[in-house]
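Here's the letter readout for the chains.
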Amino acid sequence: MGRLDLQREEYENGVALLSNRVDCETIAISGSIKAGAICDTHGSFGAAELVSRLLMRGTKSLTAGQIAQRIEELGATLSFDNRDESVGFSSRCYYGVLDNVLEIIGECLIHPNFPEQEIVLARNEILSEIRAEEDDTRSMASLRLAELVFGRYAPYGRDSLGKIEDLKALTRHNLADFHERNYLPNRLIIAITGGYDYDALRTKISKVFSGWSNSGTGKFSYRVDPEVSPQKAAVEMKHKTQVDLAIGTKAVARSSHDYYPFTLGNLILGRLGLYGRLGKNVRERRGLAYYSYSALQAKLFSGWFGVFAGVNPANVAKATEGIFEEISKITSKLIPLKELETAKRNSLGSLSISLDTSVERVAILHEIEYNGLGMDFLERYPSILERVSSEEILTTFQKYVAPDKLSMAAAGPLTNKELPTMPRALN
Amino acid sequence: MTANVLNDSFQLLEGIQEFTLENGLKVLLKQVPSSSAVSTWIFYKVGSRNEKLGTTGASHWCEHMLFKGGGKLGKGDVHTLVSNEGGRNNAFTDHDITAYYETLPKDKLDLGLFIESERMANSAFDSGEVESERQVIISEREGSENYPQYLVREEIFATAFHQHPYMWPVVGWKNDLKNMSRDDLYHHYRHFYHPNNAIMVVCGSFDPERASSEIEKMFSKIPSGEKIPDKIHFHEPPQFGERSVKLEKAGTLNYLGVAYRVPEITHEDSPALMVLSAVLGGWRGLIGFFGDRFVPRTNRLYKRLVDGDIASEVNTYFPVNVDPSLLYFDLTLNPAVKTKSAKEAFFSEIDRIRDVPPAESEMNVTFNQMKAWRAYENDGISLQALSIGYMERIKSRRLAETLVQTAIQVTPEVVQAVARRYLSESSRIVGEYDSVTEGA
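The shown structure was predicted, so the numbers you read here are calculated from the model rather than taken from an experiment. (Residues numbered from 1 in each chain as written. Chains lettered and ligands numbered in written order. Predicted model: local features only at pLDDT ≥ 70, side-chain atom pairs only at ≥ 80, totals over all residues.)

### Observations concerning the overall build of chain A
Next up, step 1: Along chain A, the regular secondary structure elements total 15 helices and 11 strands.
Next up, step 2: The C-alpha radius of gyration computed for chain A amounts to 23 Å, which stays within 12% of the reference 22 Å derived for 427 residues, consistent with globular compactness.
Next up, step 3: Projected onto the principal axes, the alpha-carbon positions of chain A cover approximately 60 × 50 × 35 Å.
Next up, step 4: Residues counted as buried form 58% of the 427 residues belonging to chain A.
Next up, step 5: The contacts in chain A between residues at least 6 apart in sequence include a share of 80% that link residues at least 24 apart. (Helix = DSSP H or I, 4+ residues; strand = E, 2+ residues; numbered from the N terminus. Rg over C-alpha atoms; globule rule 2.2 N^0.38 Å. Buried ≥ 20, exposed ≤ 12 C-beta atoms within 10 Å, placed from the backbone. Contact = placed C-beta atoms within 7 Å.)

### Quick look at the interface of chain B and chain A
Next up, step 1: Between chain B and chain A, the residue contacts involve 60 residues of the former and 59 residues of the latter.
Next up, step 2: Looking at the side of chain B that touches chain A, the elements with two or more residues in it are α2 (77–84), β5 (98–105), α4 (127–145), β7 (243–250) and α12 (360–376) of chain B.
Next up, step 3: Looking at the side of chain B that touches chain A, the element that brings in the most residues is α4 of chain B, giving 9 residues.
Next up, step 4: Residue classes in the side of chain B that touches chain A are distributed as 18 nonpolar, 27 polar and 15 charged. (Nonpolar A, V, L, I, M, F, W, Y, C, P; charged D, E, K, R; others polar.)

### Describing the domain arrangement of chain B
A common way to express how large an interface is: the accessible area buried when the components associate.
Residues and elements named next belong to chain B.
Next up, step 1: Assigned domains within chain B: domain 1 (13–219) and domain 2 (243–436).
Next up, step 2: Taking only C-alpha atoms, the centre of domain 1 and the centre of domain 2 are 27 Å apart.
Next up, step 3: When residues in the side of domain 1 that touches domain 2 are grouped by element, the largest group, 9 residues, is from helix α5 (residues 148–160).
Next up, step 4: Classifying every residue of the side of domain 1 that touches domain 2 by side-chain character gives 19 nonpolar, 8 polar and 6 charged. (Domains from an automatic or database assignment.)

### What to know about the nonpolar core
Next up, step 1: If you look at the biggest cluster of nonpolar residues, it comprises 268 residues, and the most contacted ones within it are Val 101, Leu 245, Ala 309 and Ala 410 of chain A together with Leu 331 of chain B.
Next up, step 2: Residue contacts for Leu 245 of chain A: discarding those within four places in its chain leaves Ala 141, Phe 308, Ala 309, Val 311, Val 316, Ala 319, Thr 320 and Ala 410 of chain A. (Core = buried A, V, L, I, M, F, W, Y, C linked by C-beta atoms within 7 Å.)

### Points about the domain arrangement of chain A
All names here are of chain A.
Next up, step 1: Here chain A is described as being made up of domain 1 (6–209) and domain 2 (232–418).
Next up, step 2: Taking only C-alpha atoms into account, the centre of domain 1 sits 28 Å from that of domain 2.
Next up, step 3: On the domain 2 side, the residues contacting the 30 residues of domain 1 number 33 residues.
Next up, step 4: Elements represented by at least two residues in the side of domain 1 that touches domain 2 include exactly β1 (6–10), β2 (16–21), β3 (26–33), α5 (137–150) and β6 (188–194).

### Quick word on the sheet that holds strand β10 (residues 303–311) of chain A
Residue and element names in this part refer to chain A.
Next up, step 1: The strand order β7-β11-β8-β10-β9 describes an open sheet built from 5 strands, whose pairing is mixed. Strands at the two margins of the open sheet, each flanked by one partner only, are β7 (232–236) and β9 (289–298). Put simply, the sheet's adjacent strands are angled 15° from each other on average, direction ignored.
Next up, step 2: Of the strands in this sheet, β9 and β10 touch helix α10 (residues 272–285), which is tilted by about 155° from β9. (Pairing = 2+ DSSP bridges. Axes fitted to C-alpha atoms, helices over the stretch in contact; angles between N-to-C directions.)

### So, the environment of Lys 231 of chain B
All names here are of chain B.
Next up, step 1: The residue Lys 231 is located in the loop between α8 (208–219) and β7 in this model.
Next up, step 2: Its 9 C-beta neighbours within 10 Å are what place Lys 231 among the exposed residues.
Next up, step 3: Put simply, Lys 231 and Leu 256 are 25 residues apart on the chain and 33 Å apart in space, counted from C-alpha to C-alpha.

### Quick word on the sheet that holds strand β10 (residues 325–333) of chain B
Residue and element names in this part refer to chain B.
Next up, step 1: Pairing in this open sheet of 5 strands is mixed, and the strands run β7-β11-β8-β10-β9 from one edge to the other. Strands with a single pairing partner mark the edges of an open sheet, and in this sheet they are β7 and β9 (311–317). For this sheet, the mean inter-axis angle between neighbouring strands, taken without regard to orientation, is 15°.
Next up, step 2: Of the pairings in the sheet, the one linking β9 to β10 comprises 6 bridges and is antiparallel in character. Each bridged residue has a counterpart across the sheet, and for Glu 313 the counterpart in β10 is Thr 332.
Next up, step 3: Together, β7, β8 (255–262), β10 and β11 (428–436) form the strand contacts of α5, whose direction differs from that of β11 by roughly 145°.

### Re helix α7 (residues 182–192) of chain B
All names here are of chain B.
Next up, step 1: Listed in full, the buried residues belonging to α7 are Leu 185, His 188, Tyr 189 and Phe 192. Relative to the axis of α7, the buried residues are bounded by an arc of 100° and lie together on one face.
Next up, step 2: Contact partners of the buried residues in α7: β3 (37–44), α1 (58–65) and α4. (Arc of directions from axis to C-beta.)

### Things to note about the packing of helix α1 (residues 47–54) of chain A against helix α4 (residues 116–134) of chain A
Residue and element names in this part refer to chain A.
Next up, step 1: Between α1 and α4, the least distance of the axes is 10 Å, while the angle of their chain directions is 120°. If you check the angle between α1 and α4, you find them oblique. The handedness of the crossing between α1 and α4 is right-handed. Where α1 approaches α4, its residues Glu 49, Leu 50, Arg 53 and Leu 54 are matched on the opposing element by Glu 118, Ile 119, Ala 122, Arg 123, Glu 125 and Ile 126.
Next up, step 2: Here the residues of the contact of α1 with α4 are counted per class, giving 5 nonpolar, no polar and 5 charged. (Parallel < 35°, antiparallel > 145°, perpendicular 65-115°, else oblique. Left-handed = near helix turned anticlockwise from the far one by under 90°.)

### Side note on the packing of helix α9 (residues 270–281) of chain B against helix α14 (residues 399–407) of chain B
All names here are of chain B.
Next up, step 1: The interhelical angle for the contact between α9 and α14, taken along N-to-C directions, is 70°, at an axis separation of 8 Å. Considering the angle they form, α9 stands roughly perpendicular to α14. Both α9 and α14 take part in a crossing whose hand is right-handed. Contacts between α9 and α14 pair Ser 270, Pro 271, Met 274 and Val 275 from the former with Leu 403, Thr 406 and Ala 407 from the latter.
Next up, step 2: Grouping the amino acids of the contact of α9 with α14 by side-chain chemistry returns 5 nonpolar, 2 polar and no charged.

Structure (structure tokens):
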């Protein structure tokens, strides 16, 4: 794998900068601040989302219109995106305007002023998205599964967009308070790649962010409830053509020792080639679904594993049977060495190809910093994968993905009664 | 303000080597020595515009069948071979084009070439596999049917075109998908998949001499096919007056789609129409394959509809098509907003641009975004190969560059003139999705 020339700088107030200079006239930025939905408290679910949407809608010195005008006039892009743990941001620009873009990012993160009119607009935008989700089978199946796995109001179990009644009640004061408590420099990561001058970049970041202090008291932690029993539930949407299935369970945090066996097993089960073993069974052999894949989301405090498929209502039972055939296999039999070697080669090759594009490269830099993987991660990665054995994958899957640990959610034209029988004691 | 900070040094087209094999396969090689990978793309001049009623969706279904083996490739081998090397591969079908690619480590160029040569010459279309794929494709279609925006778009295109094949969706009508035979598909494949109806693009780190020799070795034995004229015999008759379609279906929000007839991308008005489209709805590149959550907010439609608390989302799609197509807008309305009031607001913005040319600040934003997106949408060797091949299929690999370079010279008055010419009530098609309570 190609070596990346990485530079890391941590400023006195905790702002972390990870950068990779390449000869290129454009810049890609990927950043985050740990002020996502996990920081929402009961009664104000949605504050994180609303604050994230207001970052670009008015600051102490710029109106929403001025921010948009400046970014677009520079030929740059900038967006903020609330997630369950953090608010991510990404930007692209030409190297000649990097300073201007960093100033705007700093202004948005540090000095939003939450104009009342903008709050109304951003709130309505979120309410509209929640209503759109309610009419989206894929979203509803995933959201329902998250609730079943983590609990309805748990940070990883609830919709990061928030709750309608809470969103409606949030005031400007609530939002400013949320920002003050949670938007802290020691929660900020900035990853940059492109054709910048490193010394100038360090100086600029310092100039933009060094006056910002860690005065907030917001909590950033989450103790995942270890015991949530597997359940199943349907979200009935009679007017839809297709049913979306989501079957899953709690998984591991990114820092877990089980992460690498889990991720390789997941690759084999539902991603490699055209959706891995699941694709071969449900799509290729049975011809039941356009998509049938698995996903592993390993986060800071825990994670989830899920299998997702979109099927005709008449084929829900057959598709579920195919999915469980594969889950049973991966939780009971060792993965053949050749298949494991393929997965390892794929992981390494795929990472190497990702590094070819600046947007993917900067996302990897951000991930390295966010998860504390270390500056030598890319060099260590081949040996980390090399050490994973079929036995470890089997043990990991037996530990987390045994069929009796799985919950199932389905959204579309079917009722709870029509949910398929799962092949063990869930019913 | 910032026109000078964006230089013109982005050089996608520099250093492309071109040659054509005796059987007519056009090859474009673009070296990017700094890359650790190589991306092989093949573009066929076939898409839904080459289909007929009864076999709509054949091009897209053929694309699926080219993953099912034949010749030296077994079923599923394409994915397995590429995965084994840590590569990426996929394919897509659109109105005018079908494309396949493999992006692999730089020493694996031969694998990409091998896969594409087998696909071009020897795809089997096994009857059992055709049947198995039938439900997969119907499932793909049914997944899309779950989305109101898809339903509105499908209705608008079907209403806009009475004769031209752009009238049906690329995936095809469901009834045709249920009834099309293996022979229909195989005939489609044999008719359109041959070297003189294809363009190959290789982009990345490779030795050009060796690449040329391998391409020659693997593709030159494939016989030419019947020459297929790019012109098709469907000329859409003129539209006299607004066409509209209404959908009433259960749902939670209302949606609005509006389309205007615009000429083929090679038409002399296209650069001005690009600027018009950007002033109205923002700019996110010509091909639009680049995933970015950036939402342009300075454009007129965003300001009026999103800042005006009418819609949560407004998307603008500028068409890059061989034949005259549609400049398409879709709006997701805020809860309780009716399509009637959204239409009024939308049309008032259209009237405004017909009445008043864009301001200098709007032109500045548009030009700088257009220049910047040339680089953004060509990030990495896969997207560069896509851009080169896509434009070559439509007309010439220089097309995107020419369009942008011409667009950034357009004056506000010309933008106003094309707005008057093309954004007329009599040439628009309106689709309304009114959500009703389930079971009502």
